[in-house]
Amino acid sequence: MERTKEGFLYMGFLLRMLEEQPFRLLVRTIVKRLPLGVRTYERWDAVDRPQYLTGMLTAADLAREGGIDSIYVAEFGVARGHGLLAMQSYAQLIEKETGVSLKVVGFDTGSGLPPARGDFRDHPDKWAEGDYPMDEAWLRARLLPGSELILGDVRQTVPEFMKRQVCPLGFLAMDLDFYSSTKQALEILRLPNRQMLRRVFLYFDDIFLTENHRFAGERLAIEEFNSESEFVKIDRWYSLCGRIFRDLRWVQQMYVAHDLAAINNFHSKRAVQIV
Ligand SMILES: C[S@@+](CC[C@H](N)C(=O)[O-])C[C@H]1O[C@@H](n2cnc3c(N)ncnc32)[C@H](O)[C@@H]1O
C-alpha cells in the first residue's frame, strides 16, 4: 500500500519535471507526433493554434456542464482561411470528446480590409485597404458541410446572423485588425437579443503590435465595450497563468466575456466541496 503511494508520488514528481523549462519543448514535440486525445494536445499546446483549441474546448466543457448540446465558435476576420480551417478540424476532435456540437462560422468581407473609417483609431499607418484578400473558391472547397462562411461587412452581417442564431456563442477569435470593425463585431455580445454562454472565450489577435495602445485598435474596442455594456463585461482570462506554456504570448491575448445578467440567474447545483 505504502509502496504504491510512493510510486504515485514519484510518478507525480516525474510528470511535473517534464513540464519544466528544460524538458517541456521536447515533451511537446513528442506529444505532437503521437495519436493522443484532444485534451492532451490542448494541455501541451501541441497544435498550430493553441489559442483556438483552448478557447473552443473550454467553451464546449462549459456548454456540456449546462446541458447545452451545441454552440457557435466563430472567427472574425478570415482572409485566406487558415484559421477557419484549423477551427474546423479542432471542432471535430472536441465534438468527439465532449459530445457538444460546434458550429464553425467565419465572418469576412471576402475582399480584404475595407477602407479605414477615419482616424488613428483604425491604425491607418499600419493597415491598407484590400490587405488580406480571400480566395473564396479555394476556401469553400475545403469547408465541411456544417461550417459557414458569412461574407460582407460585419456592420451588416452580425445583426443579420443574430436574427437566425440557433444556439449560443462559445468562442470568438477576433482578427479584424481595425478598431471600427472590432467594435461592430463585439455587438454580438452586447445587443439585447444576444445568445451566448454565460462565459464566452475570446482571442484578440492584434493587441501586442508596436502600434497598439489602449486608445486605438482592438484594445480601444474592448475598453469601449466595457463602458457601454451594462450586462456583459470583457476581462483577461486570468486562470491561464497556470498553463505549462504560460509564458507564450497567446496566453495574454485570451479574454473572457462574462454575462453578468446570466450569472445572476445561475445557481450551481453541484455537491458541496470539501477541502
Ligand atoms: C488579418 S486578416 C485575418 C487573418 C485570419 N484570421 C488568419 O488567421 O489567417 C483580417 C481580415 O479582417 C477582415 N475584415 C476587417 N474589417 C472587416 C469588416 N468590417 N467586415 C468584415 N471583414 C472585415 C478583412 O477582410 C481581413 O481578411
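Residues numbered from 1 in each chain as written. Predicted model: local features only at pLDDT ≥ 70, side-chain atom pairs only at ≥ 80, totals over all residues.

### Points about the overall build of the chain
Inference 1: Looking only at helices and strands, one finds 10 helices and 7 strands in the chain.
Inference 2: Rg of the C-alpha trace for the chain: 20 Å, near the compact-globule value of 19 Å for 275 residues, within the 12% margin.
Inference 3: Overall size of the chain, expressed as C-alpha extent along the three principal axes, is 70 × 40 × 40 Å.
Inference 4: Looking at the chain residue by residue over its 275 residues, the buried ones come to 36%. (Helix = DSSP H or I, 4+ residues; strand = E, 2+ residues; numbered from the N terminus. Rg over C-alpha atoms; globule rule 2.2 N^0.38 Å. Buried ≥ 20, exposed ≤ 12 C-beta atoms within 10 Å, placed from the backbone.)

### Re the nonpolar core
Inference 1: Met-56, Ala-59, Ile-71, Val-73, Val-200 and Leu-202 are the most contacted members of the largest nonpolar core, which has 62 residues in total.
Inference 2: With 8 residues, the top contributor of residues to this core is helix H4 (residues 50–65).
Inference 3: Residues in contact with Ala-59, not counting those within four places in the same chain, are Ile-71, Val-73, Gly-170, Phe-171, Leu-197 and Phe-201. (Core = buried A, V, L, I, M, F, W, Y, C linked by C-beta atoms within 7 Å. Contact = placed C-beta atoms within 7 Å.)

### Focus: the domain arrangement of the chain
Inference 1: When cut into domains, the chain gives domain 1 (1–34) and domain 2 (38–264).
Inference 2: One C-alpha centre belongs to domain 1, the other to domain 2, and the line joining them spans 33 Å.
Inference 3: Domain 1 puts 6 residues into the contact, and the matching count from domain 2 is 7 residues. (Domains from an automatic or database assignment.)

### Focus on the environment of Gly-55
Inference 1: Mapped onto the elements, Gly-55 comes out in helix H4.
Inference 2: Gly-55 sits 43 residues away from Thr-98 along the chain, and the two C-alpha atoms are 14 Å apart.
Inference 3: Here Gly-55 is in contact with Phe-171, Phe-201, Tyr-203 and Met-254, once residues within four sequence places are set aside.

### Here's the deal with the site of the ligand
Inference 1: The environment of the ligand is formed by 21 residues, the closest being Gly-77, Ala-79, Gly-83, Asp-175 and Ser-181.
Inference 2: Of all elements in the fold, only helix H5 (82–98) and strand E2 (101–108) reach the threshold of two or more residues within the shell around the ligand.
Inference 3: Counted by class, the shell around the ligand contains 9 nonpolar, 6 polar and 6 charged residues. (Near = placed C-beta within 6 Å. Nonpolar A, V, L, I, M, F, W, Y, C, P; charged D, E, K, R; others polar.)

### Examining the sheet that holds strand E5 (residues 196–204)
Inference 1: The mixed open sheet is built from 7 strands, whose spatial order is E3-E2-E1-E4-E5-E7-E6. Bordering the open sheet on either side are strand E3 (148–151) and strand E6 (232–236), each of which pairs with just one other strand. For this sheet the average axis-to-axis angle between neighbouring strands, irrespective of direction, equals 20°.
Inference 2: Bridge analysis of strand E1 (residues 70–76) against strand E4 (residues 169–174) gives 5 bridges, and the strand direction is parallel. By the bridge assignment for E4, Glu-75 is matched with Ala-173. (Pairing = 2+ DSSP bridges. Axes fitted to C-alpha atoms, helices over the stretch in contact; angles between N-to-C directions.)

### Quick notes on helix H9 (residues 217–228)
Inference 1: In this model, H9 (12 residues) spans 17 Å end to end at C-alpha, consistent with the 16 Å of a helix rising 1.5 Å per residue.
Inference 2: Gly-217, Glu-218, Leu-220, Ala-221 and Ile-222 are the residues of H9 that are buried.
Inference 3: Of the surrounding elements, those touching the buried residues of H9 are E4, helix H8 (179–185), E5 and E6. (Expected span 1.5 Å × (residues − 1).)

### Concerning the environment of Phe-208
Inference 1: As for its position among the elements, Phe-208 is in the loop between E5 and H9.
Inference 2: By the C-beta count within 10 Å, which is 12 here, Phe-208 ends up exposed.
Inference 3: Residues Phe-208 and Gln-253 lie 45 residues apart in sequence; the distance between their C-alpha atoms is 8.3 Å.
Inference 4: When near neighbours in sequence (up to four residues on either side) are disregarded, Phe-208 contacts Arg-249 and Gln-253.

### Looking at unusual backbone geometry
Inference 1: Here the phi dihedral of Ala-79 falls at roughly 55°; this positive angle occurs in a residue that is not glycine.
Inference 2: Position of Ala-79 among the secondary structure elements: in the loop between E1 and H5.
Inference 3: The residue Tyr-132 is not glycine, and still its phi comes out positive at about 65°.
Inference 4: You can see Tyr-132 is positioned in the loop between E2 and helix H6 (136–140).
Inference 5: Residue Tyr-132 is classed as partly exposed on the basis of its C-beta count, with 17 C-beta atoms lying within 10 Å.

### Describing the pairing of E1
Consecutive side chains of a regular strand alternate in pointing toward one face of the sheet and then the other.
Inference 1: Burial within E1 is extensive, with 6 of its 7 residues counted as buried.
Inference 2: In terms of strand pairing, E1 meets E2 through 7 bridges, oriented parallel. Across the sheet, the residue bridging to Glu-75 is Gly-106, located in E2.
Inference 3: In this fold, E1 hands off to H5, which returns the chain to E2; that crossover is right-handed. (Right-handed = clockwise from strand over helix to strand, strands pointing away.)

### Overview of the packing of H4 against H5
Inference 1: Interaxial distance between H4 and H5 falls to 10 Å at its minimum, and their mutual angle equals 35°. By crossing handedness, the relation of H4 to H5 is classed as right-handed. In contact with Tyr-52, Leu-53, Met-56, Leu-57, Ala-60, Asp-61 and Arg-64 of H4, H5 contributes Gly-83, Ala-86, Met-87, Tyr-90, Ala-91, Ile-94 and Thr-98.
Inference 2: For the contact of H4 with H5, the per-class residue count stands at 10 nonpolar, 2 polar and 2 charged. (Left-handed = near helix turned anticlockwise from the far one by under 90°.)

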